[in-house]
Amino acid sequence: AEKFEASTKILIRPREEINLAPTNKAMMDFPVSINIPAESMSQTYAEVMTSEAIATRVVDLLHLDTLGPKPDPEWYMRVYHQLRDWAKIAMKDSWDFVRYGRVEHRDPYWKAVDDVVDALEAKPVTDTYIFELTATWDDPKFAAVIADTAAKVFVDYSLDASKHEEGTSAEFLG
């Protein structure tokens, strides 16, 4: 099946000027030490952008767990795809039974979450505070919607986390 990619860019703006001097104890609001490479920050953001937490919210907002595959207009293609899918499920179920002694079918919701996690990829743009978030999907419109929604969810998540941290810091200091 043909796959389509759609990308969006996210700017991660530090709250303060970054000083890379060894005496600095925070970079882009993360505590750092001399032993931890600066790339850890980028890897952390990329992991969060493609995390199950972000994917869960994307599935909730787009109702991806309720979508079924698009039926082919030709009857013989529909039969072919149904047989192929049935054979895949039978092989997977057989293998699960041999390995685990039982067969457990995945909930459509968590399958959709896994599909979104697999579809998302985040990469930092070299020498910038920008990340490129890419979604790969069977439908080009869904790829674009998933990439945009994941970016919005990440930004909302980051703002909420920042507000929460400021609140707990004020409580701790007060």
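Everything discussed here concerns the structure shown above.
Note that the structure is a prediction, hence the values are computed from the model and not measured.

(A) Fine view of helix α2 (residues 52-62). Considered for burial, the residues of α2 that qualify are I54, A55, T56, V58 and V59. Following α2 by one or two positions, H63 has its phi on the positive side, about 55 degrees.

(B) Expanded view of helix α1 (residues 39-49). For α1, the full list of buried residues reads M41, Y45, A46 and M49. The arc enclosing the buried residues of α1, seen along the axis, measures out at 130 degrees, which places them on a common side. Relative to its buried face, α1 has exposed residues pointing more than 90 degrees away, namely E39, Q43 and E47.

(C) Structural view of the environment of A143. Within the element layout of this structure, A143 appears in helix α5 (residues 140-173). Under the relative-accessibility criterion, A143 is labelled buried at 0%. Note: C-alpha distance between A143 and E5 (138 residues apart in sequence) is 6.0 Å. Leaving out residues up to four positions away in the same chain, A143 has contacts with F4, E5, A6, A135 and W137.

(D) Seen up close, the packing of aromatic side chains. Counting across every chain of the model gives four aromatic pairs. Here the aromatic rings of Y45 and F154 are separated by 6.1 Å at their centres, their planes lie at 80 degrees, and the arrangement is edge-to-face. Residue Y45 is found in helix α1, and its partner F154 is found in helix α5; the two are separated by 109 residues along the sequence. The interplanar angle of 90 degrees and the centroid separation of 5.1 Å between the aromatic rings of Y109 and W110 together place this pair among those described as edge-to-face. Owing to a relative accessible area of 18%, Y109 belongs among the buried residues under this scheme. Here W110 falls in the partly exposed class, since its relative accessible area comes to 40%. Among the aromatic residues, ring-to-ring pairing joins Y45, F131 and F154 into one connected group.

(E) A look at the pattern of salt bridges. Summed over the entire model, instances satisfying the criterion amount to eight salt bridges. Across the pair D115 and K111 runs a salt bridge whose closest N-O atoms are separated by 3.0 Å. Remark: K111 and D115 occur in helix α4 (residues 108-119); sequence separation between them is four residues, near one turn of the helix. You can call D115 partly exposed: its relative accessible area is 26%. Among the charged side chains, a salt-bridge network with shared partners connects K92, D96 and R99.

(F) Fine view of the sheet that holds strand β4 (residues 120-124). Strands sit in the order β1-β5-β4 across an open sheet of three strands; the sheet is antiparallel. Edge positions in the open sheet fall to β1 (4-11) and β4, since each of these has one partner strand only. Mean inter-strand twist for the sheet, computed between neighbouring axes without regard to direction, equals 20 degrees. Pairing between β1 and strand β5 (residues 130-137): eight bridges, direction antiparallel. Across the sheet, the residue bridging to F4 is W137, located in β5. Along the sheet face, α1 touches β1, β4 and β5 and points at about 30 degrees away from the line of β5. Strands β4 and β5 of the sheet are contacted by α4, whose axis makes an angle of about 130 degrees with β5.

Conventions and cut-offs
Residues numbered from 1 in each chain as written. Predicted model: local features only at pLDDT ≥ 70, side-chain atom pairs only at ≥ 80, totals over all residues. Heavy atoms only, no water. Buried < 20%, exposed > 50% of the residue type's maximum accessible area, 1.4 Å probe, protein only. Helix = DSSP H or I, 4+ residues; strand = E, 2+ residues; numbered from the N terminus. Arc of directions from axis to C-beta. Contact = heavy atoms within 4.5 Å. Phe/Tyr/Trp six-rings, centres within 6.5 Å; stacked < 30°, edge-to-face > 60°. Salt bridge = Lys/Arg side-chain N within 4 Å of Asp/Glu carboxyl O. Pairing = 2+ DSSP bridges. Axes fitted to C-alpha atoms, helices over the stretch in contact; angles between N-to-C directions.

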